[in-house]
Amino acid sequence: GDAERGKKLHDNHCIRCHDTKMYQRELRVTQDWKNLRGTVNHWQSQLKLEWKEADIDDVAAYLNQQFYHFPVPALVCEGGDSCNASANQSSLRVD
């Protein structure tokens, strides 16, 4: 996923309900990449954002890069170690 784009989506949609302290709690619910991505998908669905798979991957990539540091499956991280390359940009606006 594209972590830079994911940050924009996150900052425009997720920060409304909580700040980044949530990701730094000692007793996190999220324990791996699959769960992180699933949590992003759950909340975008609850907010009726209608994000595409690439949007979910981008936000999960941002959160993972900044806070979680879980191993990411190669199919998601097509851009190498940085996970900043996105093979498929979404048509959704981030602003």
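Since the structure is predicted, the reported quantities are computational estimates derived from the model, not experimental observations.

About the criteria used
- Counting from 1, residues in each chain are numbered in the order their sequence is written.
- Where totals are concerned, whole chains, interfaces and linings use all residues; where local detail is concerned, this predicted model gives features only for residues with pLDDT of at least 70, and gives and counts side-chain atom pairs only at 80 or more.
- Side-chain calculation: all heavy atoms of the structure are included, whereas hydrogens and water are not.
- The buried label goes to any residue with under 20% of its type's maximum accessible area, the exposed label to any with over 50%, and the partly exposed label to all in between, with areas taken from a 1.4 Å probe on protein chains only.
- Numbering of helices and strands runs from the N terminus, with a helix taken as a DSSP run of H or I at least four residues long and a strand as a DSSP run of E at least two residues long.
- Residues are called lining when one of their atoms sits within 4 Å of a cavity or pocket point, these points coming from a 1 Å grid over the protein atoms alone, where a cavity is a set in which a 1.4 Å probe fits but cannot get out and a pocket is an open set with protein on both sides within 12 Å along at least five of seven lines.
- Grid points are joined across faces, edges and corners, and a volume is the space filled by probe spheres set on the points.
- Gly counts as polar in this scheme, as do all residues outside two lists: the nonpolar Ala, Val, Leu, Ile, Met, Phe, Trp, Tyr, Cys and Pro, and the charged Asp, Glu, Lys and Arg.
- We call Phe, Tyr and Trp rings a pair once their centres come within 6.5 Å, taking the six-membered ring for Trp, and we label the pair stacked below 30 degrees between planes, edge-to-face above 60, and tilted otherwise.
- In plain words, nonpolar cores are sets of buried Ala, Val, Leu, Ile, Met, Phe, Trp, Tyr and Cys residues tied together by side-chain atoms within 4.5 Å.
- Contacts are assigned to residue pairs with any non-hydrogen atoms lying within 4.5 Å of each other.
- The salt bridge definition used is simple: a Lys or Arg side-chain nitrogen within 4 Å of an Asp or Glu carboxyl oxygen.

Re helix H3 (residues 53–68)
Then, in step 1: Taken across its 16 residues, H3 has 13 buried, putting it largely inside the fold.
Then, in step 2: Phi turns positive one or two residues past the end of H3, at histidine 69, with a value near 65°.

Quick look at the layout of surface pockets
Then, in step 1: Here the largest pocket is characterised by a volume of approximately 420 Å³.
Then, in step 2: Residue lining of the largest pocket: 21 residues in total, with His18, Met22, Tyr23, Thr39 and Trp43 positioned closest to the centre.
Then, in step 3: At the level of elements, helix H2 (33–46) and H3 are the ones that each hand at least two residues to the lining of the largest pocket.
Then, in step 4: At 5 residues, H2 tops the list of elements feeding residues into the lining of the largest pocket.
Then, in step 5: Across the lining of the largest pocket, the residue classes tally to 14 nonpolar, 5 polar and 2 charged.

As for the packing of aromatic side chains
Then, in step 1: Going through the model one piece at a time under the given rule, you end up with 2 aromatic pairs.
Then, in step 2: Ring centres of tyrosine 62 and phenylalanine 67 lie 6.3 Å apart, and the angle between their planes is 85°; on these two criteria the pair is classed as edge-to-face.
Then, in step 3: For tyrosine 62, a relative accessible area of 7% corresponds to the buried category.
Then, in step 4: Plain terms: the ring middles of tyrosine 68 and phenylalanine 70 are 5.3 Å apart, the flat faces sit at 20° to each other, and that makes the pair stacked.

Observations concerning the nonpolar core
Taken as a class, soluble globular proteins show a tendency for nonpolar side chains to be buried jointly.
Then, in step 1: Grouped together as the largest cluster of nonpolar side chains are 17 residues, with contacts concentrated most on Leu36, Val40, Trp51, Leu63 and Tyr68.
Then, in step 2: For this core, the secondary-structure elements that each account for two or more residues are helix H1 (3–13), H2 and H3.
Then, in step 3: Broken down by element, the residue count for this core peaks at 8 residues, all from H3.
Then, in step 4: Once residues lying within four places of it in the same chain are set aside, the contact partners of leucine 63 are His10, Tyr23, Leu36, Val40 and Tyr68.

Looking at the pattern of salt bridges
Then, in step 1: As enumerated under the stated definition, the model contains 5 salt bridges in all.
Then, in step 2: With its nearest N and O atoms 2.3 Å apart, the salt bridge here joins glutamate 53 to arginine 37. You can see glutamate 53 sitting in helix H3 and its partner arginine 37 sitting in helix H2, a full 16 residues away along the chain.
Then, in step 3: Linking arginine 37 and aspartate 57 is a salt bridge whose minimum nitrogen-to-oxygen distance equals 2.5 Å. Of this pair, arginine 37 sits in helix H2 while aspartate 57 sits in helix H3; the two residues are 20 residues apart in sequence, bridging distant segments of the chain.

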